[in-house]
Amino acid sequence: MARLRNYFLTGFIVCAPLAITAWITWSFMQWTDSWVKPYIPTRFLPDSYLPFAVPGFGLLVALIIITFIGFLTANFIGRTIVGWGENVLGRMPLVRTVYTALKQIFETVLADRSSSFKTAALMEYPRRGVWCLVLVATTTKGEVARVLSDQSDEMLAVFLPPTPNPTSGFLLFVPREDVRILNMRIETALKLVVSAGLVTGDEKEAPISLKEASRIVEKRLREPS
């Protein structure tokens with residue numbers, strides 16, 4: 001009986017992620033199709049010539065349109081049009097706030113030029129003797145750095161991701177000497193957070209000295225964006 005239970009759990013561990021991934025992918029394709037297909041002329045829809053619906057056609061069209069918009073935006077004329085559109089949105093009180101916030105979020109999360117979160121580290125929080133995993137964003141700059149100049153020679157802006165949802169969390173400004181840099185990839189650190197410590201990541205990653213850690217964080221924070 002115990003062996004059958006182990007077989008079932010093993011099969012469940014294998015099948016559950018596959019089933020959930022397939023369901024999410026299928027649902028996203030249907031949702032995109034329901035938004036895009038109504039705007040496509042009927043003569044261009046493959047459903048009009050086939051005895052069955054083609055799933056994902058709307059998603060394919062959306063990807064082509066988004067890529068084409070990105071291509072246009074990359075040149076001078078496209079940037080001019082986008083700038084004009086943003087100026088129009090900037091004159092709308094409520095729309096301006098929503099658009100600016102969303103644009104900053106997407107640029108920070110998706111843009112290749114973002115140099116945020118290249119280093120994982122440990123920090124004592126919420127009290128001494130209790131350690132948490134944080135992601136180093138950058139060295140503190142601007143007014144925050146000036147106000148906290150009496151605390152340390154250099155302050156770091158770190159993000160504290162909670163378990164199991166690392167997309168929300170806390171922004172903390174801490175002295176560099178209070179942060180212990182890890183020789184761990186960001187992907188590994190996020191797996192550790194999401195799994196509540198069950199998935200420890202690549203155990204082959206060797207620990208590093210404090211001097212080496214300081215050198216690594218200096219190099220990563222100064223990498224060109």
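Residues numbered from 1 in each chain as written. Predicted model: local features only at pLDDT ≥ 70, side-chain atom pairs only at ≥ 80, totals over all residues. Heavy atoms only, no water.

## Here we look at the sheet that holds strand β4 (residues 170–175)
Strand order in the open sheet formed by five strands is β4-β3-β2-β1-β5, with antiparallel pairing between adjacent strands. Each edge of the open sheet is held by one strand with a lone partner, namely β4 and β5 (179–181). Neighbour-to-neighbour, the strand axes of this sheet turn through a mean angle of 45°, independent of strand direction. Strand direction decides the pairing type here: strand β1 (residues 119–124) and β5, joined by three bridges, are antiparallel. Its bridge partner lying in β5, Met123 is registered against Val179. On the sheet, helix α6 (residues 186–194) packs against β1 and β2 (131–139) and is oriented at approximately 145° with respect to β2. (Pairing = 2+ DSSP bridges. Helix = DSSP H or I, 4+ residues; strand = E, 2+ residues; numbered from the N terminus. Axes fitted to C-alpha atoms, helices over the stretch in contact; angles between N-to-C directions. Contact = heavy atoms within 4.5 Å.)

## What to know about the pairing of β1
In this structure, β1 lies alongside β2, joined through six bridges in antiparallel fashion. Each bridged residue has a counterpart across the sheet, and for Met123 the counterpart in β2 is Cys132.

## With respect to the pattern of salt bridges
Counted according to the given criterion, the structure contains three salt bridges. Of the charged contacts, one joins Glu124 and Arg128 as a salt bridge, the two residues approaching to 2.6 Å between their closest N and O atoms. Between Glu154 and Arg176 there is a salt bridge, with the nearest N and O atoms lying 3.1 Å from each other. Of this pair, Glu154 sits in the loop between α5 (142–147) and β3 (155–160) while Arg176 sits in the loop between β4 and β5, and the two are 22 residues apart along the sequence. For Glu154, a relative accessible area of 29% gives the class partly exposed. Given the relative accessible area of 16%, Arg176 is considered buried. (Salt bridge = Lys/Arg side-chain N within 4 Å of Asp/Glu carboxyl O. Buried < 20%, exposed > 50% of the residue type's maximum accessible area, 1.4 Å probe, protein only.)

## Some words on α6
Every buried residue belonging to α6 is among Ile186, Thr188, Ala189 and Val193, and all of these are buried. The arc that holds the buried residues of α6, viewed along the axis, is 160°, so those residues lie on one side. In α6, the exposed residues that point more than 90 degrees away from the buried face are Glu187 and Lys191. At its buried positions, α6 is contacted by β1 and β2. Phi turns positive one or two residues past the end of α6, at Ala196, with a value near 55°. (Arc of directions from axis to C-beta.)

Such coordinate-based values are descriptive only and should not be taken to indicate function.
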